[in-house]
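Each chain, written out:
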Amino acid sequence: MITVNDNKVFILNTKSSSYVMSLVANNYLVHEGWFSRIDSWSGNCGPSKTDRALLYASTPDLDKRNLSLDMAPIEFSTSGLSDMRYSAIEIDLPDGTTTLDLRYKTHRIYKGKKSIPSLPATYVLNDDEADTIEIDLVDTKYDITVTLFYTVWEKRDVICRHTKVHNGENTEICIKKLMSTSVDFASAEYSMLQLSGAWARERNAYFRHLVPGTQAIESLRGTSSHQQNPFVALVNDGATEDFGEVFGFNFVYSGNFIARADVDFCNNTRFLMGINPYNFGWNLSTGEDFYSPEVVMVYSNKGLGDMSRTFHDLYRERLCRGKYQFKERPIVINNWEATYFDFDSEKLLALANKAKECGIELFVLDDGWFINRKDDKRALGDWIVDEKKLTGGLKKISEDINKVGLKFGLWVEPEMVSPESNLFKEHSDWALQIEGREPGLARTQLVLDLSRQDVQNWIFNTLKGVFSSGLISYVKWDFNRCLADVSSAKLPAKQQKEVLHRYVLGLYSILERITAEFPDILFESCASGGARFDPGMMYYMPQTWTSDNTDAFSRALIQAGTGLVYPSSVMSCHVSAVPNHQTGRITSLKQRACTAMAGTFGYELDLTKLCQQELSEIKEQTDFYKSIRHLVQYGDVYRLISPWNRNVETEKICSWQVVSKDKNKALVTVVWLYAEAFAPKRILRLKGLDEKAFYKDLFTGEIYSAQELMNAGLVITGDSKYQGALQFLFEKQN
Ligand code: GLA
């Protein structure tokens, strides 16, 4: 997978791509390209390192003007020399500058992949799955080594990258910026695909064509954020869902990030992704190392769909962990939108009984179960059950729910503290706040300082007590504000810029401990809906709440965007009441369920208020979902018509298909985003079937050849009788 020849040309081969680097002009490491797989490299095709340059590197063969740092595709660029572009690294050095001159020193190649200290990352189970190369670059003046890590997966089109800085100087240095990946493309003929939005409008797909200058997405919120997901794809001009070259980048990190594509004066594009340098600074003492988080880089020459399936397989198989990694996930009923804070045991049990009748498997008790939590203005931090609402505590209610025949799950928001809480009265210094300033509240709450070991221990021990106090099978781990007033009472002034990253490391440390302590609990991550829908969280928790917006129309857009990167098994989707609590829209129960069946499935509405006909319909839905859930959660997703297809007619429809890995089953879903009278017809060409086989539509009994379904296609005509959604379930015939 990795070869390095005598001329120090590094070729990293994935299943169908090659990533090539070489050394030029006195050991500068340059990027020669990343493209469909090649077997040999003459060097004659690489991008120019000098063309139209004004500034040249100061090398011994200066007369030859054989390297312009300002032009060349530098593999890991620095600032302060003659590269005038945004750099991949900046360190405050003893001489007062940030100027590093990094040259190749040595490299190591080994089988497998090492974990990254204290950080989540993809992993191998067997060393044959991937090879890793570590390339050491050293500064010409200071004893500082920057190591670039590349893990190359044999059977996937994936390269994972991260970076390490080692301080060999006998004085402290401060890292101001350290990117996890940097790729210089010799072209700007790409569109940048990003997943952007807001609370209740997360991860809608946006495309913009690159132009000279900077195009960036970032989070400054201390979390990966609702507003921008830490994902970017550079989509080659002409590439589509099924054809063409796509480069996907996803950051395995849950805090501030930046992803930027800078197009220079020669049409080169430098792509960088890493921790956001804003409010970041890491002091590194003599002999210490600092590791950046991982970026997963996916290559496809078969379009966006193939890129998505590569991410999905990798994340399901080599990012998620634990007992539920490959397990079919339970159908849940969550009481949040059914009761909000207004509940007691009796009400919960009535809901659980109805849920049981409907075939639901797990009951989630959401916010409001602990003392004084009558609304969202108080009591976070006081994780003691409110016995006025729940006589007998979590033990009794969880046992009673189990007696009904449902497993029991619990909501917690452990990273927060309300000013009106006993915890805050006792430990006001545990909240992030800047000395001498009044901290700003969001949802009337503050964030605990997870950079502190004592706070981490308290959270772990408190949760351990709560999770042991009843029959708890599932936990929804919520996080409902972003980080502001970031300062830790525990750290000296010069370390305050470490707090944002230390917070994330503290969170990961707690998650590692708590998930190890409770291996049988299914954990679902949530952050006011989907503000932390990132691969960092998925390493600890195999599910994430996709959005607080469960309106079928909005969810079709949110889920389509989310599915560009993240697999269905992590995408938690519920059916809620109409009019929808976020949008006020009314959609049919059928449309809501068909939409929610794109991921792990559940309900979030007061079943006790539904009529018998609706309850029977829900029972049919849960029966159906149980029959397809393995297919949905672990199959291959193909987008047939996506919300970003810019065609007037197609924009009114969203359609996706899931095919089982053995190609025996395929579920096709069509949802109409706008109801239309006498809607125009559309042809739906299926994908990914066994081309030689015949398939039976299990709803109608009709038999089709796979070629008919994929080449001729199904003709779909909108009709009010479909109630906004249509499903086909195909089974391969022997
Ligand atoms: C957040 C979550 C919701 C719900 C509420 C409870 O908004 O995203 O699902 O749990 O908190 O306060």
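Structure first, text after, so check above.
Rules behind the numbers
- Residues numbered from 1 in each chain as written.
- Predicted model: local features only at pLDDT ≥ 70, side-chain atom pairs only at ≥ 80, totals over all residues.
- Heavy atoms only, no water.
- Helix = DSSP H or I, 4+ residues; strand = E, 2+ residues; numbered from the N terminus.
- Pairing = 2+ DSSP bridges.
- Axes fitted to C-alpha atoms, helices over the stretch in contact; angles between N-to-C directions.
- Contact = heavy atoms within 4.5 Å.
- Phe/Tyr/Trp six-rings, centres within 6.5 Å; stacked < 30°, edge-to-face > 60°.
- Buried < 20%, exposed > 50% of the residue type's maximum accessible area, 1.4 Å probe, protein only.
- Lys NZ or Arg CZ within 6 Å of the ring centre and 35° of its normal.
- Near = heavy atom within 4 Å.
- Polar contact = N/O pair within 3.5 Å; in protein donor to acceptor, adjacent residues only side chain to side chain.
- Areas by Shrake-Rupley, 256 points an atom, 1.4 Å probe, with all protein chains shown as cover.
- Nonpolar A, V, L, I, M, F, W, Y, C, P; charged D, E, K, R; others polar.
- Expected span 1.5 Å × (residues − 1).
- Salt bridge = Lys/Arg side-chain N within 4 Å of Asp/Glu carboxyl O.

(A) Fine view of unusual backbone geometry. For the bond from Val 578 to Pro 579, the omega torsion is -10°, close enough to zero to count as cis. Looking at the secondary structure, you find Pro 579 in the loop between β29 (571-576) and α10 (589-596). One non-glycine residue, Asp 485, lies in positive phi territory at about 50°. Checked against the element boundaries, Asp 485 lands in the loop between β26 (472-477) and α7 (499-517).

(B) A look at the sheet that holds strand β31 (residues 636-641). Strand order in the open sheet formed by six strands is β31-β32-β33-β38-β35-β36, with antiparallel pairing between adjacent strands. Because the sheet does not close on itself, it has two edges, and the strands there are β31 and β36 (703-705). When strand polarity is set aside, the average angle formed by the axes of neighbouring strands in this sheet is 25°. Across four bridges, strand β35 (residues 694-697) lies against strand β38 (residues 725-733) in antiparallel orientation. Bridging from a neighbouring strand, Lys 696 pairs with Glu 731 of β38. Packed on one face of the sheet, α10 meets β32 (653-659), β33 (665-672) and β38 and runs near 50° to β38. The sheet contacts of helix α11 (residues 612-634) involve β31, β32, β33 and β38, and relative to β33 the element is tilted by about 100°.

(C) Representation of the packing of aromatic side chains within the structure. For the structure shown, the criterion picks out 39 aromatic pairs. Considering the side-chain rings of Trp 369 and Trp 383, the 5.8 Å spacing of their centres and the 35° angle between planes classify their relative orientation as tilted. One end of the pair, Trp 369, is in the loop between β22 (362-365) and α4 (393-404); the other, Trp 383, is in the loop between β22 and α4, with 14 residues separating them in the sequence. Owing to a relative accessible area of 0%, Trp 369 belongs among the buried residues under this scheme. On the basis of an interplanar angle of 65° and a centroid distance of 6.2 Å, the ring pair of Phe 467 and Phe 523 is categorised as edge-to-face. On the criterion of sequence distance, the pair formed by Phe 467 in helix α6 (residues 453-467) and Phe 523 in strand β27 (residues 522-525) is long-range, its members being 56 residues apart. Comparing Phe 467 with Phe 523 shows no difference in burial state: the two are buried. Here the basic side chain of Arg 555 rests over the ring of Trp 545, its NZ or CZ set 4.9 Å away from the ring centre.

(D) Seen up close, the site of the ligand. Neighbouring residues of the ligand: 13 residues in total, closest Asp 366, Asp 367, Lys 476, Gly 529 and Asp 548. Between Arg 443 and the ligand, the recorded distance is 2.9 Å, taken from a side-chain N or O atom to an oxygen atom. Burial of the ligand by the protein chains amounts to 96% of its free accessible area of 310 Å². Here the residues of the shell around the ligand are counted per class, giving four nonpolar, three polar and six charged.

(E) Quick look at the environment of Val 296. Here Val 296 shows up in strand β20 (residues 294-300). For Val 296 and Ser 180, which are 116 residues apart along the polypeptide, the C-alpha to C-alpha distance reads 9.8 Å. If we ignore the near neighbours within four places in the chain, the residues touching Val 296 are Thr 122, Val 158, Ile 159, Cys 160, Gly 248, Phe 249, Asn 250, Val 252, Phe 311, Leu 314 and Tyr 315.

(F) Here's a closer look at helix α1 (residues 303-318). Here α1 is 16 residues long and its end C-alpha atoms lie 23 Å apart, about the 22 Å a rise of 1.5 Å per residue gives. Burial analysis of α1 places 15 of its 16 residues in the buried class, which makes it a mostly covered element.

(G) Spatial organisation of the pairing of β35. Judged by which residues are buried, β35 turns out to be one-sided: Tyr 695 and Asp 697 face inward and are buried, whereas Phe 694 and Lys 696, on the alternate face, are not. Between the antiparallel neighbours β35 and β36 lie five residues, among them Gly 701 with a positive phi of about 85°.

(H) Broad picture of the pattern of salt bridges. Summed over the entire model, instances satisfying the criterion amount to 48 salt bridges. In this structure, Asp 242 engages Lys 687 in a salt bridge whose closest nitrogen and oxygen atoms are separated by 2.9 Å. Taken together, the positions of Asp 242 in the loop between β14 (228-236) and β15 (246-252) and Lys 687 in the loop between β34 (681-684) and β35 put the pair 445 residues apart, joining distant regions of the chain. We classify Asp 242 as partly exposed; its relative accessible area is 32%. Among the salt bridges present, the one from Arg 373 reaches Asp 367, with a minimum N-O distance of 2.9 Å. A relative accessible area of 1% places Arg 373 in the buried class. The class of Asp 367 is buried, set by a relative accessible area of 1%. Here the salt bridges do not stand alone but share partners, grouping Asp 83, Arg 85, Asp 184, Asp 264 and Arg 270 into one network.

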